[in-house]
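Each chain, letter by letter, is given below.
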Amino acid sequence: MSIQSIQLADLRPPAHNPRSVIADDALDELAASIRSDGLLQNLVVAPSRGKTYKVISGERRFRALKLLCERGDIDDSFEVPVEIRSKLSKRDKLRIATVENVQRENLAPVDEAEAFAELARNGVSLDDIAAETGKSVDTVKRRLAIAGLCDEVKQALRDNRITLAVAETMTLGSHDRQRGILEEIEYAIERGWAPDTDDIRHNLLDRKPSVSEAMFPLERYTGTYTQDLFGKDDETFFDDIDQFLELQEQAVNEKAAEYVAEGRKVEITNAYSIPNWQYRDAEDGEDGVTIINLSPHGDVDIR
């Protein structure tokens, strides 16, 4: 790696930066620091059109230098230390910019989420994103879920109108549901109510059954899933409730047939719970019956 000097006039801003917001006061502070102590960290650039170079890493420093130039503290001929990277792919440029932003200064959650999503779209694996940025694979997955939020919810998170916890909970719903919940939240906040993430979660799941409740092999299910990366147990839920109930009933009938083949007496019920007052435990040596209760919600209880 060799560091060279290039005039500020020959540098161009990056086409894309994972950090969408750079606060004016932070830029002022950085400009003041550069004016006082000089540029302590070089920029990473790539050759562009003509004799110009595009900034790959270090946009904040580049913008601070441009601010100093506008104020007359330096001019266009100011020599900027840079590392020139030639023949970088779009993926490499994005990766370098993302890694620097994540490692040097915490990105806003939405910026980090969208940066990770862009890396993933360019073929970078979750393991590689985690390794490059120093984040855990679980954190990368959670950020990718945030990247899938509708634009209105992401903007509300950027504006601090909702918390990160609320935004994470809203990943459970479709974009239309997210917009509806956001309207309800803003209506509640206007009247001094704080949104409850448990209520939002319950609202969005609509009694969707958990994959852990399935008695049938999951390959039989052909619908979509909702994954709750932010719940206590990292649960996954069936989106097609009707198909789940149909497959659950089929599995209950198959289980009953297995018991009958073993010589057991079987009774299938469809109550919300087994009415204990109708039954008692069989005594030793007494013929009993196996109760399989399939509730209207798809819960199975075998006794």
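Everything discussed here concerns the structure shown above.
Here the structure is a predicted model, which means the values were calculated and not measured. (Residues numbered from 1 in each chain as written. Predicted model: local features only at pLDDT ≥ 70, side-chain atom pairs only at ≥ 80, totals over all residues. Heavy atoms only, no water.)

1. Here we look at the nonpolar core
Then step 1. Counting 22 residues, the largest nonpolar core has Val153, Ile162, Met170, Ile185 and Ile200 as its most contacted members.
Then step 2. Elements supplying a minimum of two residues to this core: helix H4 (109-121), helix H6 (137-147), helix H7 (151-158), helix H8 (164-170), helix H9 (175-190) and helix H10 (197-205).
Then step 3. When sequence neighbours within four positions are dropped, the list of residues in contact with Val153 reads Ile162, Met170, Gln178 and Leu182.
Then step 4. Residues Ile6, Phe62, Leu67 and Leu68 belong to the second largest nonpolar core, which totals 20 residues. (Core = buried A, V, L, I, M, F, W, Y, C linked by side-chain atoms within 4.5 Å. Buried < 20%, exposed > 50% of the residue type's maximum accessible area, 1.4 Å probe, protein only. Helix = DSSP H or I, 4+ residues; strand = E, 2+ residues; numbered from the N terminus. Contact = heavy atoms within 4.5 Å.)

2. Comments concerning the side chain of Gln178
Then step 1. With respect to the helices and strands, the residue Gln178 is situated in helix H9.
Then step 2. Residue classification places Gln178 among the buried positions, given a relative accessible area of 2%.
Then step 3. The residues contacting Gln178, other than those within four sequence positions of it, are Leu149, Cys150, Val153, Met170, Thr171 and Gly173.

3. Here we look at the environment of Ala167
Then step 1. Inspection of the secondary structure assignment puts Ala167 in helix H8.
Then step 2. Residues Ala167 and Gln178 lie 11 residues apart in sequence; the distance between their C-alpha atoms is 9.2 Å.
Then step 3. Dropping the residues within four chain positions of it, Ala167 is found in contact with Ile146, Leu149, Leu157 and Ile162.

4. Focus: the packing of helix H5 (residues 126-133) against H6
Then step 1. Put simply, H5 and H6 touch, their axes get as near as 9 Å, and they point 110 degrees apart. Considering their axes alone, H5 and H6 lie roughly perpendicular with respect to each other. Contact with H5, carried on its side by Leu126, Asp127, Ile129 and Ala130, involves Val137, Val140, Lys141 and Leu144 of H6 and no other residues of that element. (Axes fitted to C-alpha atoms, helices over the stretch in contact; angles between N-to-C directions. Parallel < 35°, antiparallel > 145°, perpendicular 65-115°, else oblique.)

5. Section: unusual backbone geometry
Then step 1. In this structure, Asn160 is a non-glycine residue whose phi angle is positive, near 60 degrees.
Then step 2. Among the secondary structure elements, Asn160 is positioned in the loop between H7 and H8.
Then step 3. Judged by relative accessible area, Asn160 falls into the exposed class, the value being 68%.

6. A look at helix H2 (residues 59-70)
Then step 1. Compared with an ideal rise of 1.5 Å per residue, which puts 12 residues at 16 Å, H2 spans 16 Å between its outermost C-alpha atoms and is within 8% of the ideal.
Then step 2. Residues of H2 that are buried: Glu59, Arg61, Phe62, Ala64, Leu65, Leu67, Leu68 and Cys69.
Then step 3. In the stretch just after H2, Gly72 is the one whose phi turns positive, near 85 degrees. (Expected span 1.5 Å × (residues − 1).)

7. Focus on the sheet that holds strand S10 (residues 300-302)
Then step 1. Taking strand neighbours across the sheet as the criterion, the 3 strands line up as S8-S9-S10 in an open arrangement whose pairing is mixed. Edge strands, defined here as strands with exactly one partner in the open sheet, are strand S8 (266-269) and S10. Strand-to-strand twist in this sheet, taken as the mean axis angle between neighbours without regard to direction, amounts to 15 degrees.
Then step 2. Across 4 bridges, S8 lies against strand S9 (residues 290-294) in parallel orientation. Note that in S9 the partner of Ile268 across the bridge is Ile292.
Then step 3. Contacts from helix H11 (residues 241-261) reach S8, S9 and S10, with the element oriented near 175 degrees to S9. (Pairing = 2+ DSSP bridges.)

8. Considering the side chain of Ser210
Then step 1. Relative to the helices and strands, Ser210 is located in the loop between H10 and strand S6 (225-227).
Then step 2. When neighbours within four sequence positions are excluded, Ser210 is seen to be in contact with Glu235, Thr236, Phe237 and Phe238.

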